[in-house]
Amino acid sequence: MGFKAMIIIWDYAQRTIYAQLLLHKTKVEALSFSPNDKYLVSLGGQDDGSIVVWNIETKQAICGSPASSPSAGHCLAVECSNTNDNIFVCGGSETLRVWELDLPNRKIRPTACQIGKMKRNVKCIEIEANDQFMYCGTSSGDIMKIKLKTGFLSYCGPVKAKYSLVGQILKSGDLLVGSGSGTFTLCSSTNFKTLKNVQLEKGVTSIALRGEGKEFFVGTEAAQMYRLSYTDFKAELISTSHSSAVNEIAIPLGISELFATCSQDDIRLWRTDKPKELLRITVLNMTCNSLHIMADGHCIISAWNDGKIRVFAPESGQLMHIIHDADKMGVTAIAGTRDCKRIVSGGGKGQVRAWELHIRGHRLLETMKEHKATVTCIKIKSDDNECVTASCDVAHFQTQTHPLVIANTLFRSVCYHPEEYQIITSGTDRKVAYWDVYEGSAIREVEGAQSGAINCMHISQDGTHFVTGGDDKLVKVWDYMDGTVTHVGAAHGGSITSIKVCSNNRIIVSTSTDGAILRWRFPHPLKLKKMTL
């Protein structure tokens, strides 16, 4: 609120920004190019409520107007004509208008469509190639067929099946439509009779044609992309991802070919060399806050917001064991020892617990209550005798054998140096701090970000570099000894939640709140230590 939302026009061939247009307040709801690419029509969000026509050549606004009448709701969709640069349509909550651009007078004039006593919330608009009819998908599941020239309603249906998204119009005149239940349908444009359909996972959000429409792609609310052909109409899953924030990454010790991620409802196992999902472990209506792959690779331990620790088999995804009531406020962090016999967990109340796993079940070894708020990170020393925990309370971290160290920050992440004589931490003060393990004293601090907290970090296997990510959405590679940034990567659309360097020092994996999982080339080769007699 209070800021203007930018429209960016890109030069596709050059992969560069062609123009940046700034006029709408808070949000841009929808965009549409005119058929000859002369104009761009932009629709502002609910706080803006205006529709603007831009000249693409001059990069200037021609004119604008309120998108809907004062008695109607806000608009959600805009679509340009396929034959006339001066005609476009917008629709939304109880409003549907056909607009005409009067270029000499720099004005746009609306004509309300006549749909009788019906009240519909238009969510999407598709116009036939010859501009004879337009099809409007509504929140009630009806499709309205309206004559573009007159604005009169021609047909509304179907009666039984309901579709919320009108995706594309094929050359045959048939429609590709989707529903919130995940049904993807090919239907007739005359009476919306179902010709072919297929069931997908969760609601359909987008439909795109390839070439002349013999093949098409469908996206869903489950962050999955399907490929279908017109002839057999069978869905082939070609891309998957998390549909909500990814909370953590786990990479097996000494293995760089696989990694695991956790989010709301599920844990997923991926290949590092290509974006292919190998395994999905689903726990409905629960959120996995943290996970760890045990050193022997025989199980995945995971921390959940229902206060349980769940142990899964990495090959089958089968549930092997559950620790109930591990924390009343939810388990927020977890780590396992290298001997694969014990795990350490942290929770929403700040309690840190050590557990012993055995064939018949588990046993609580110890409870530590030094923290007063949510435990955000746990790291265990290689000898399995000591651990470091970070918390977002009054900024301190602890080990089992050393006193607390106070710092003016809310800690988000902590890492052991491979030689384990130092610890580095990050948090809300935007600084990376180096600490001595034996004395618990601060060695130095370096500025880690210009804005926002540093949420995660990880040190390379040789200890010469480390990576960080945070609310500034930037992946940064650091020289450990110099405390300087060597490389910066910008691609995330949300705050970075977790980051890891594969053990072969070739790939960085990072995740963010928008559900993205990104792979980066690590810019520094692995430095092998020389062996001495």
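Residues numbered from 1 in each chain as written. Predicted model: local features only at pLDDT ≥ 70, side-chain atom pairs only at ≥ 80, totals over all residues. Heavy atoms only, no water.

The name an unreviewed UniProt entry gives the protein chain is Cilia- and flagella-associated protein 52, with Scophthalmus maximus as the organism. In the Function (unreviewed entry) part of its UniProt record, the protein chain is described as follows: "Microtubule inner protein (MIP) part of the dynein-decorated doublet microtubules (DMTs) in cilia axoneme. Important for proper ciliary and flagellar beating. May act in cooperation with CFAP45 and axonemal dynein subunit DNAH11. May play a role in cell growth and/or survival." As its UniProt record puts it under Sequence similarities (unreviewed entry), the protein chain is described as follows: "Belongs to the CFAP52 family." (UniProt positions renumbered as here; feature names shortened; annotations may be inferred.)

Asker: Residue-level account of the UniProt feature "repeat: WD" (unreviewed entry) in the protein chain, with values.
Answerer: Mapped onto this numbering, the UniProt entry annotates "repeat: WD" (unreviewed entry) at residues 21-64, 413-445, 447-488 and 489-520. Annotation note: span residues 413-445, helix share 0%, strand share 61%, distance between end C-alpha atoms 15 Å. (Helix = DSSP H or I, 4+ residues; strand = E, 2+ residues; numbered from the N terminus.)

Asker: Quick one: what's the story with the packing of aromatic side chains, residue by residue and with numbers?
Answerer: Per the counting criterion, the structure on display carries 10 aromatic pairs. Aromatic pair Phe 88 and Trp 99: ring centres 6.1 Å apart, planes at 5 degrees, arrangement stacked. You can see Phe 88 sitting in strand β8 (residues 87-92) and its partner Trp 99 sitting in strand β9 (residues 95-102), a full 11 residues away along the chain. According to the relative accessible area criterion, Trp 99 is buried, its value standing at 0%. Of the aromatic side chains, those joined through ring pairs into one cluster are Tyr 434, Phe 466, Trp 478 and Tyr 480. (Phe/Tyr/Trp six-rings, centres within 6.5 Å; stacked < 30°, edge-to-face > 60°. Buried < 20%, exposed > 50% of the residue type's maximum accessible area, 1.4 Å probe, protein only.)

Asker: Hey, could you go over the sheet that holds strand β47 (residues 507-512) for me, with residue numbers and the actual values?
Answerer: Spatially, 3 strands are ordered β46-β47-β48 in an open sheet, and the strand pairing comes out antiparallel. For this open sheet the edge positions go to β46 (496-501) and β48 (517-521), each flanked by a neighbour on one side alone. In this sheet, neighbouring strand axes are inclined to one another by 20 degrees on average, regardless of whether the strands run parallel or antiparallel. (Pairing = 2+ DSSP bridges. Axes fitted to C-alpha atoms, helices over the stretch in contact; angles between N-to-C directions.)

Asker: Could you give me a rundown of the state of the cysteines, with the residues and numbers involved?
Answerer: Applying the stated criterion across every chain, the model contains 0 disulfides. Of all cysteine sulfurs, the one in Cys 90 lies closest to Cys 75, which takes part in no disulfide; the gap is 3.7 Å. With a relative accessible area of 3%, Cys 75 lands in the buried category. Cys 340 carries a free sulfur, and the closest cysteine sulfur to it, the one in Cys 299, is 6.7 Å from it. (Disulfide = S-S within 2.5 Å.)

Asker: Before we move on, can you summarise the sheet that holds strand β5 (residues 50-55) with the specific residues and values?
Answerer: The strand order across the open sheet built from 4 strands is β3-β4-β5-β6, with neighbouring strands paired in antiparallel fashion. If you trace the sheet from one side to the other, it starts and ends with β3 (28-33) and β6 (60-66), each paired once. Adjacent strand axes in the sheet meet at a mean angle of 20 degrees when their direction is disregarded. Alignment of strand β4 (residues 39-44) against β5, held across 5 bridges, turns out to be antiparallel. Bridged to Leu 43 within β5 is Ile 51.

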